[in-house]
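Commentary on secondary and tertiary structure
Chain residues, written in single-letter form:
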Amino acid sequence: MTRKVLVVGGGIGGQSVAIALQKKGYTTEIVELQKVFNVYGVGIIQQANALRALDAIGVADETIRCGYPYGKVKLCIPTGQQIGEAGTPPIGRFPSHNGISRRMLHDVLYTEAQRTGVIYRMGLTVDAIDNRTDGVEVTFTDGTTGSYDFLIAADGINSKVRTMVFGEQKPDYVGLSVWRYAFPRPQALDTGYIYFGRQSKIGIIPMTAETCYIFVNSAEGPDPHVPADQLTDKLRGYMKAFPIPMIQALAEQVTEAALVNYRPLETLKLSAPWYKNRVIVIGDAAHATIPQLGSGAALAIEDAVVLAEELQTAPTIEEAFAGFMARRLQRCQMVVEASETLGKWEVLEYSGQPLPEGANMGALMGKTTMALTAPI
């Protein structure tokens, strides 16, 4: 008997798990609150472990074709001297990194999902869930209903499903914000770069042979709101603090507030287990991290691959969910906690306070990214 699955959320994790399950013989349906895919984001860094997971669902090669593969990221001081490098080593045929626009990644996943027969229902989400031990009955926001063998919540850090099943859990603001902006790619950009300043850090990441994006990490204080009419001036100000010719040239191109992608950074850790009866939570809905290690999307894709594998091999859905937790909990906690530690150290640095004795950002980044090369 073909099992019927509901995935709530059509982001990276939701589409990845829908593809994985559809290819294993499940009938998979995605409900997505947005009426059309209007992806909020600029670029994304895919390390080798993310590409390995994408390969498991059959889209790694297309993702690399649509993006730009590059080696380890060069870590530099504000004047440009390199002090180290970061990123996973290559895994098999996959490079250390692939830069890609977030919209392009969504499009690659959407195309594969459509090809495999995933059903999309746009412009609605769940309104009520009857979560039993033998199945899930769902009422949607348009008044329709559906019956499913199980439900996968991939609806992000502010997950409605998580609240309905586990109660309200608010994300934690970490005191940092990230700014992103896309540019034509400078000819001199040969790989990814991160420059560490006293009050911010800036990264330059290739997305294709013709495009790149920058990210700026800053501490905006207890109230991180920035009015729209101040976005371009503030972003240019952060960029101007780095006397790198490439950055200075890019700063002059920051002219449109609507193109500034600004977001305060939050984390969320759902207590184990991330499932109850026939509802399971994955991705940012279970373990939202900050982008200090560039691994948030990678963890969601890995969740999708592991969950599909466990559902394929375990005798029961309950045992599959338990097997998923056994394989994912420690790995996800490692990334979230290392990212939080890096974020705390950055808040201290940006405010002029000393770091704890023994704090070494490069070492922590290297140790964690190396650990991500281990099999999932």
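Presented here is a report on the structure given in the accompanying data block. Because the structure is predicted, anything quoted here is derived from the model rather than measured.

Calculation notes
- Residues numbered from 1 in each chain as written.
- Predicted model: local features only at pLDDT ≥ 70, side-chain atom pairs only at ≥ 80, totals over all residues.
- Heavy atoms only, no water.
- Helix = DSSP H or I, 4+ residues; strand = E, 2+ residues; numbered from the N terminus.
- Buried < 20%, exposed > 50% of the residue type's maximum accessible area, 1.4 Å probe, protein only.
- Contact = heavy atoms within 4.5 Å.
- Expected span 1.5 Å × (residues − 1).
- Salt bridge = Lys/Arg side-chain N within 4 Å of Asp/Glu carboxyl O.
- Polar contact = N/O pair within 3.5 Å; in protein donor to acceptor, adjacent residues only side chain to side chain.

Turning our attention to the side chain of T88. Secondary-structure assignment places T88 in the loop between β6 (82-86) and β7 (97-101). Its relative accessible area of 0% is what places T88 among the buried residues. Every residue in contact with T88, bar those within four places of it in the chain, is listed here: Q47, A48, N49, K72, S96, T369, L372 and T373.

Let us now look at unusual backbone geometry. Cis geometry is found at the peptide bond from A272 to P273, where omega equals 0°. Residue position: P273 is located in the loop between β17 (261-269) and β18 (275-276). For N277, which is not glycine, the phi dihedral falls at a positive 55°. Looking at the element boundaries, N277 is found in the loop between β18 and β19 (279-281).

What follows is about helix α9 (residues 296-313). Its 18 residues give α9 an end-to-end C-alpha distance of 26 Å, which sits within 8% of 26 Å, the value for a rise of 1.5 Å per residue. Taken across its 18 residues, α9 has 15 buried, putting it largely inside the fold.

As a further point, take the pattern of salt bridges. Throughout the structure, instances matching the rule amount to 23 salt bridges. Taking the shortest distance from any N to any O, the salt bridge between R103 and D107 comes out at 3.3 Å. With R103 and D107 both in helix α4 (residues 102-116) and four residues apart, this pair spans about one turn of that helix. The exposure class assigned to R103 is partly exposed, which follows from its relative accessible area of 38%. Under the relative-accessibility criterion, D107 is labelled partly exposed at 30%.

Relative to the helices and strands, E112 is located in helix α4. Relative accessible area serves as the criterion here: at 11%, E112 is assigned to the buried category. Within the local environment of E112, its side chain forms a polar contact with the side chain of K23, the two groups lying 2.7 Å apart. If we skip the residues at most four places from it in the chain, E112 touches I19, K23, I57 and V59.

Purely geometric stuff here, so don't read any function into it on its own.
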